[in-house]
Amino acid sequence: MRKGLCCERWTLSLVFLWASLMHFALGQIRYSIPEELPKGSIVGNIANDLGIELKRLVSGRARVFTSDGSEYVGLDREKGQLLVKQRMDREQLCGEISACSLSFEVILENPMELYSITIDIQDVNDNSPVFSKNEIDQEISESALPGARFSLGGAIDPDVGLNTLQKYVLQPTDHFDLNVQSSSDGNKNVEMVLKTPLDRENKEHHFLTLTAVDGGSPQRSGTVKIHISVLDHNDNAPAFNQAVYKSSVLENSAIGTLVTTVRATDADEGVNAHIQYYFEHVPTSVMALFAIDTESGQIKVAGPIDYEKNKQFKIKVVAKDNGGLTDSREVIIDVTDVNDNVPKITVMSFTSALPENAALGTVVAMMNVQDLDSGDNGKVTCSIDRNSPFKIVRSLASYYNLVTDSALDREQISEYNITVSVLDGGTPPLSSKETMKVKISDINDNAPQFELETYDIYVLENNSPSLSIYSVKAKDADWGPNARISYFLEDGTLNGASVESFISINSDSGVIYATKAFDYEQMKSFIIKIKAQDGGTPPLSTNATLKIFVQDQNDNTPQVLYPVQTGGSVVAEIVPRSADIGYLVTKVVAVDVDSGQNAWLSYKLQKAADRALFEVGAQNGEIRTVRQVTDKDAVKQKLTVIVEDNGQPSRSATVTVNVAVADSFPEVLSEFTDFTQDKDYNNNLTFFLVLALIVVSILFIFSVIAIISVKIYRWRQRKLFYKSANNLPVIPYYPTMYSDGTLHQAYNYEVCGTTDSRMSDVKPMRPYSQSTLVSLSRAGTVQRHLKEQEAGDISPEQKPPNNDWRLPPNQRPGPSGQHRFHTIQQRWTPYDKSRAGPLPEGAGVVAGTGPWPNPPTEAEQLQALMAGANAVSEATATMGPRYNAQYVPDYRQNVYIPGSTATLTANPQQPPQQALPPPQAMPPTDAPKAAQTPASKKKSTKKDKK
């Protein structure tokens, strides 16, 4: 500060009123500076005086706030100093008030802090006393007596204290003295007192000088010239009827409103008794507000009166007669306040965006509320809407904080228009409003939600890869990045493969794609889980289940299970010429791996003649006769059956059924021997035959080598045993026996013999049954003896055939009898193929009562094919269209095995019959693609033998 500048600083109080998430530091400090400091002068250092760090002033964006918006003082944040921004004139700011001060607040943010600063402005003697007039004209009657008083009017000095007006000096003082009196309000009344009588005839005019001097340093003064004109005699001066006039007026009163009336009287008569009234030494600001009628003495309102500017007026009124005699009185006018000022709201700090998880009591705005009125008119009430999650909290006398009062939820209300209402206590009350818009910022507090928890998706099989099969959608109540949803597949496997190999999902749109073609026959449905995840931090997610159902398409042709079609075989069904209408020839069994209507099969003949002998059941595939067999019908018939499904478009398969119409097998054989054998063999057959021959040869060589090696090894062991047996001791053992000489239980013996044991009488006996076994694990001599015995005593243990084989063929029981065509369906199968067929319904039981005297005939060996039909019947019982069981032929009565002497029967009371020994079987040839039954292998053996 400049030299001679006195600065007094003191701290009044530091009070903590309220604390929340934001803290307020409240304090007050006072400085004292002289007026008229130049711009940029230092007022004080608040950083040092308040104990605030400089970086806190910068980070808190410290600033000066004044309620009236004036900018006399500024703040240098870098240095923490208060600086003068514009010249301060104490007289202009405070007028006649001696104690002049300027108050403002310093505000810091983050957290908010508030400090109250008061600056006392000290007066400087920068104003000289000034009279209202440069010259005073005074008329005094010559008859005026010594001691008469004449008011001169004082000078005005805007300064205060010692710098204001201190004394008056009147020169010359030949006829007059100066009388100065101080009033109750501190003003000085200057009167000129006549000291010696005046004589108009000696001196009509007198010139005096009145000097007003203040007490400042340096001292200032002002002068006024007094011109006294001596008048003729007028010895009575006007006199007011009251010592002091008091009145009141409402502010904002209309112009012309009567305030009060002053009245004075004069004892003189005539012209000397005429009195006029004047304002004496009144400031121009008061002259603009009030006016006085010079004749009546009425004081009226002449301009707008504002209580907030002037609460009281003191006006000096002078009454003067024509003789120049005067009298003066003081008129005191009190201004009555009227509620004419609307409360003013000033938002000092405001947060426009608030997170929805803001804690209770979070400060949103800081406001200053002022009402310039007084009394009840200046008392204000601050409020907001009660339905709002905010409330108003008072911090200081005229400061209010807007804070949160309840939890916020952006998903319900994302923006609040908060209207702060201020109402004063006047009549009628005045109010003002301030609207603040607060936006609630989003936090990630809501997880995405799918429209459904489980989605059922239907996809046709054989779809193209990358096909869009469905679209899922999830919603998130949050906003912005928190509501940006991404879709993912949950990790998992289906049939050992990753889920991504079946299904993929677009992470942005939620569109689900099939990554491969589905096959209904392999996978009819599967379940996967998807996840929707938002973009918040941390991210939130939810899951949904997709049930994907693969819908069937007609992409599979029917498959014929029976009759089996092979490349090199001719299968014939035998129909006797005596067959009735509806005779069951055979049944076509087919299946379709599709489902639903795509698996419904129908059967029909490809070419039906006008007089067709056969027809096929459209639903069950049974081939039956439709009329009696005639001589014109060909022996061999070839039927082509079409098996067609019910899909769109439909698919079909064909099967060829050969039917022989004959009463005897030789007739059938003669006709079917003309069938041309299929010469179109598989091109790879030769390769497989050569490969099989090589493999068999290699196995044979290895087997021979292994046998020779085993023989040599055993010979060496036996030779070594003979040489070392002389030193082996013989330990006798006698087991316990019953009284009849038999053993208690079966024993296994281990015999250790000498080198001459091969000449001994030890001979193991052969067991009587398979349940009695003798373990000869270490008796080398006994093993050799057993081998010699087995080599010479092997017997098939078969009873000789009975005498039934000597009977003629027509008297033998079983299928060789005379009724064999009436009890069994006979079929013929070429070599290298197998065939099995059902028995007609109601056919008799085929049971042999004796062995065959001769090798079985070709027709009799065909009966063995019926054994395989039983398996076909059971395998197809659950596939294809269902048909009544009464039409199913019974294959489980008697079965003859070709090449064997046994006859199998289902009758438990009839034992199997033994016949001639079977012929020696040849090794079977390579099997065709279709599976062969044991009967078909025997047929192949006979063909190779022939």
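Cut-offs used in this document
Residues numbered from 1 in each chain as written. Predicted model: local features only at pLDDT ≥ 70, side-chain atom pairs only at ≥ 80, totals over all residues. Heavy atoms only, no water. Phe/Tyr/Trp six-rings, centres within 6.5 Å; stacked < 30°, edge-to-face > 60°. Helix = DSSP H or I, 4+ residues; strand = E, 2+ residues; numbered from the N terminus. Buried < 20%, exposed > 50% of the residue type's maximum accessible area, 1.4 Å probe, protein only. Lys NZ or Arg CZ within 6 Å of the ring centre and 35° of its normal. Pairing = 2+ DSSP bridges. Polar contact = N/O pair within 3.5 Å; in protein donor to acceptor, adjacent residues only side chain to side chain. Core = buried A, V, L, I, M, F, W, Y, C linked by side-chain atoms within 4.5 Å. Contact = heavy atoms within 4.5 Å. Salt bridge = Lys/Arg side-chain N within 4 Å of Asp/Glu carboxyl O.

**Q** Whenever I open this one, the packing of aromatic side chains confuses me. Can you help?
**A** Aromatic ring pairs are described here by two measures, namely the spacing of the ring centres and the angle between the planes. Inspection of every chain in the model, using the stated rule, returns 13 aromatic pairs. Where F131 meets Y168, the ring centres are 6.2 Å apart and the plane angle is 55 degrees; that geometry is what we call tilted. Linking F131 in the loop between β8 (113-122) and β9 (135-141) with Y168 in strand β11 (residues 165-171), this pair joins segments that are 37 residues apart in sequence. Of the two residues, F131 and Y168, both sit in the buried class. Each ring, one from F687 and one from F688, has its centre 5.6 Å from the other, and the planes form 65 degrees; the classification is edge-to-face. Its relative accessible area of 44% is what places F688 among the partly exposed residues. The structure contains a cluster of three or more aromatic residues connected by ring pairs, namely F450, Y455, Y470 and Y487. Over the ring of Y520 we find K524; its NZ or CZ atom is 4.9 Å from the centre of that ring.

**Q** Explain the pairing of strand β22 (residues 298-301) here, please?
**A** Side-chain positions along a regular strand alternate between the two faces of the sheet. Of the two faces of β22, the one holding I299 and V301 is buried and the one holding Q298 and K300 is not buried anywhere. Taken together, the 3 bridges between strand β18 (residues 258-261) and β22 define a ladder with antiparallel strand orientation. Considered in β22, the bridge of L258 is made with K300. By the bridge criterion, 3 bridges tie strand β21 (residues 290-292) to β22 in an arrangement that is antiparallel. The residue bridging F290 from the neighbouring strand is V301, located in β22. Between β21 and β22, which pair antiparallel in sequence order, lie 5 residues; one of them, G297, sits at a positive phi of approximately 80 degrees.

**Q** What should I look at first to understand the side chain of S432 in this one?
**A** Secondary-structure assignment places S432 in strand β32 (residues 431-441). A polar contact of 2.6 Å, which involves the side chain of S432, links it to the backbone oxygen of P343.

**Q** Mind showing me how you'd approach the nonpolar core here?
**A** Nonpolar side chains in soluble globular proteins tend to end up buried together. Counting 28 residues, the largest nonpolar core has F450, V472, I503, F526, I528, L546 and I548 as its most contacted members. Put simply, the parts of the chain that give this core at least two residues each are β34 (454-460), β37 (485-489), β40 (503-505), β41 (511-514), β42 (525-534) and β43 (541-551). Other than its neighbours up to four places away in sequence, V472 contacts F450, Y455, Y487, I505, S509, G510, I512, I530 and L546.

**Q** Mind showing me how you'd approach the pattern of salt bridges here?
**A** Two side chains of opposite charge can pair, provided their charged atoms sit close to one another. Summed over the entire model, instances satisfying the criterion amount to 20 salt bridges. With a shortest N-O distance of 2.3 Å, E109 and R61 are connected by a salt bridge. With E109 in the loop between β7 (101-108) and β8 and R61 in the loop between α2 (54-59) and β4 (63-65), this residue pair connects regions lying 48 residues apart in the sequence. On the accessibility criterion, E109 (9% relative accessible area) is buried. Residue classification places R61 among the partly exposed residues on the basis of a relative accessible area of 45%. A salt bridge links E411 to R410; its shortest N-O distance comes to 3.5 Å. By relative accessible area, which is 23% here, E411 ends up partly exposed. Linked by salt bridges that have partners in common, R61, R63 and E109 make up one network.

In short, shape yes, function no, at least from these values alone.
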